[in-house]
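# Structural overview
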Amino acid sequence: GENVEQHPSTLSVQEGDSAVIKCTYSDSASNYFPWYKQELGKRPQLIIDIRSNVGEKKDQRIAVTLNKTAKHFSLHITETQPEDSAVYFCAASRIGNTPLVFGKGTRLSVIA
Amino acid sequence: NAGVMQNPRHLVRRRGQEARLRCSPMKGHSHVYWYRQLPEEGLKFMVYLQKENIIDESGMPKERFSAEFPKEGPSILRIQQVVRGDSAAYFCASSPTQGVGTEAFFGQGTRLTVV
């Protein structure tokens, strides 16, 4: 089955700096890679996703890149703000009734 | 659209009791997934259901845990004879089509505490 590894487990950045979170996956058939943000005590919320037919996707300060050959994908947050502080989860899945498999999460702290 | 609704939000059970967790998917969604989240850990897949069918239960313990998604009504995750190790947040998510390659939306979760 699919296995998703996520690094780092914790990340602290100064406000205004960039943050990068990386994930690797094991199943070469995976073709959907979402990122979720979870604030303390709240539900995971989808912030961006990418499908295997593209290499990069951007939405304002957030971007995701995908390298299918290397089987890794990354989340990039630019101009970080204190409200970006949360736990971020990457996930992967593929066609065929398979559920999302999540990484263990990265706790991002943005220091004002 | 009210989103994915879970209840109760908080549930306290004594060891040996039963816990029933409910999940109503978003309107128009027929695929439901249950995940368990331990403190400071990620989301562990438990079970994937469509209406009246269990598609994948590979992440659900074989004993004491069961899930259903009847034709009418919410999906139910049932834990019998709870133990302290069952204490966790249980999230369900729903998606509108085949359930993969499309967005999955999470409910607010049920935080189960076993005392």
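For the structure, see preceding data.
Right, let's walk through the structure included here.

What counts, and where the lines are drawn
- Residues numbered from 1 in each chain as written.
- Chains lettered and ligands numbered in written order.
- Predicted model: local features only at pLDDT ≥ 70, side-chain atom pairs only at ≥ 80, totals over all residues.
- Heavy atoms only, no water.
- Helix = DSSP H or I, 4+ residues; strand = E, 2+ residues; numbered from the N terminus.
- Rg over C-alpha atoms; globule rule 2.2 N^0.38 Å.
- Buried < 20%, exposed > 50% of the residue type's maximum accessible area, 1.4 Å probe, protein only.
- Areas by Shrake-Rupley, 256 points an atom, 1.4 Å probe, with all protein chains shown as cover.
- Lys, Arg positive; Asp, Glu negative; His and termini not counted.
- Charge placed at Lys NZ, Arg CZ, Asp CG, Glu CD.
- Pairing = 2+ DSSP bridges.
- Axes fitted to C-alpha atoms, helices over the stretch in contact; angles between N-to-C directions.
- Disulfide = S-S within 2.5 Å.
- Phe/Tyr/Trp six-rings, centres within 6.5 Å; stacked < 30°, edge-to-face > 60°.
- Contact = heavy atoms within 4.5 Å.
- Buried area = accessible area lost by both parts, 1.4 Å probe.
- Salt bridge = Lys/Arg side-chain N within 4 Å of Asp/Glu carboxyl O.
- Polar contact = N/O pair within 3.5 Å; in protein donor to acceptor, adjacent residues only side chain to side chain.

This paragraph deals with the overall build of chain A. Along chain A, the regular secondary structure elements total 0 helices and 11 strands. Helices and strands appear in chain A in the N-to-C order β-β-β-β-β-β-β-β-β-β-β. Here the C-alpha atoms of chain A give a radius of gyration of 13 Å, agreeing with the 13 Å that 2.2 N^0.38 yields for 112 residues. Each of the 112 residues in chain A was classed as buried or not, and the buried ones make up 44%. Looking at chain A as shown, the accessible area adds up to about 5,500 Å², and 47% of this sits on carbon and sulfur atoms. The averaged location of the 12 negative side-chain charges in chain A is 6 Å from the averaged location of its 13 positive side-chain charges.

What follows concerns the sheet that holds strand β6 (residues 56-59) of chain A. Sheet strands associate in pairs through backbone hydrogen bonding, adopting either a parallel or an antiparallel arrangement. All names here are of chain A. Across the sheet, 5 strands lie side by side as β1-β3-β8-β7-β6; this open sheet has antiparallel pairing. Each end of this open sheet is capped by a strand with a single partner; those strands are β1 (4-7) and β6. Put simply, the sheet's adjacent strands are angled 15 degrees from each other on average, direction ignored.

The subject of this paragraph is the state of the cysteines. The bond known as a disulfide is covalent and runs between the sulfur atoms of two cysteines. All names here are of chain B. On inspection of all chains with the given rule, the structure shows 2 disulfides over all chains. Covalently, Cys23 is tied to Cys92 through a disulfide, its sulfur atoms 1.8 Å apart. One disulfide, between Cys23 and Cys92, carries an S-S torsion of 70 degrees and so falls in the right-handed class. Residue Cys23 is found in strand β3 (residues 19-24), and its partner Cys92 is found in strand β9 (residues 88-95); the two are separated by 69 residues along the sequence. With respect to burial, Cys23 and Cys92 carry one shared label: buried.

Right, let's get into the pairing of β3 of chain B. Remark: a regular strand shows side chains that alternate across the two faces of the sheet. Residue and element names in this part refer to chain B. Of the two faces of β3, the one lined by Ala19, Leu21 and Cys23 is fully buried and the one lined by Arg20, Arg22 and Ser24 carries no buried residue. Two elements, β3 and strand β8 (residues 75-79), share 5 bridges in a ladder whose sense is antiparallel. Looking at the pairing, Arg20 lines up with Arg78 of β8.

Our focus in this paragraph is the packing of aromatic side chains. One pass over the full model with this rule turns up 13 aromatic pairs over all chains. Measuring from ring centre to ring centre gives 5.3 Å for Tyr36 of chain A and Phe106 of chain B, while their planes differ by 85 degrees; the resulting arrangement is edge-to-face. Of this pair, Tyr36 of chain A sits in strand β4 (residues 32-38) while Phe106 of chain B is found in strand β10 (residues 105-106), placing the two residues in two different chains. Note on Phe91 of chain B and Phe106 of chain B: the rings are 6.4 Å apart at their centroids and 80 degrees apart in plane angle, and the pair reads as edge-to-face.

Right, let's get into the interface of chain A and chain B. Chain A puts 23 residues into the contact, and the matching count from chain B is 26 residues. Summed over both partners, the interface of chain A with chain B comes to about 1,900 Å²; 52% of that surface belongs to carbon and sulfur atoms. Inspection of the region where chain A meets chain B yields 0 salt bridges. Run the count over chain A and chain B and you get 5 residue pairs in polar contact (both at pLDDT 80 or more). Taken together, the elements giving at least two residues each to the side of chain A that touches chain B come down to β4 and β5 (45-51) of chain A.

Residues and elements named next belong to chain B. Read from one edge of the open sheet, 4 strands run β1-β3-β8-β7, paired in antiparallel fashion. Every other strand in the sheet has two partners, leaving β1 (5-7) and β7 (65-68) as the edge strands with one partner each. When the angles between neighbouring strand axes are averaged without regard to direction, this sheet yields 15 degrees. Relative to β3, β1 runs antiparallel, the two sharing 3 bridges. If you follow Asn7 over to β3, its bridge partner there is Arg22.

Residue and element names in this part refer to chain A. For the bond running from His7 to Pro8, omega is -5 degrees, close enough to zero to count as cis. As for its placement among the helices and strands, Pro8 is situated in the loop between β1 and β2 (10-14). Phi is positive for Gln60, close to 60 degrees, though the residue is something other than glycine. Mapped onto the secondary structure, Gln60 falls in the loop between β6 and β7 (62-67). Judged by its relative accessible area of 72%, Gln60 falls in the exposed class.

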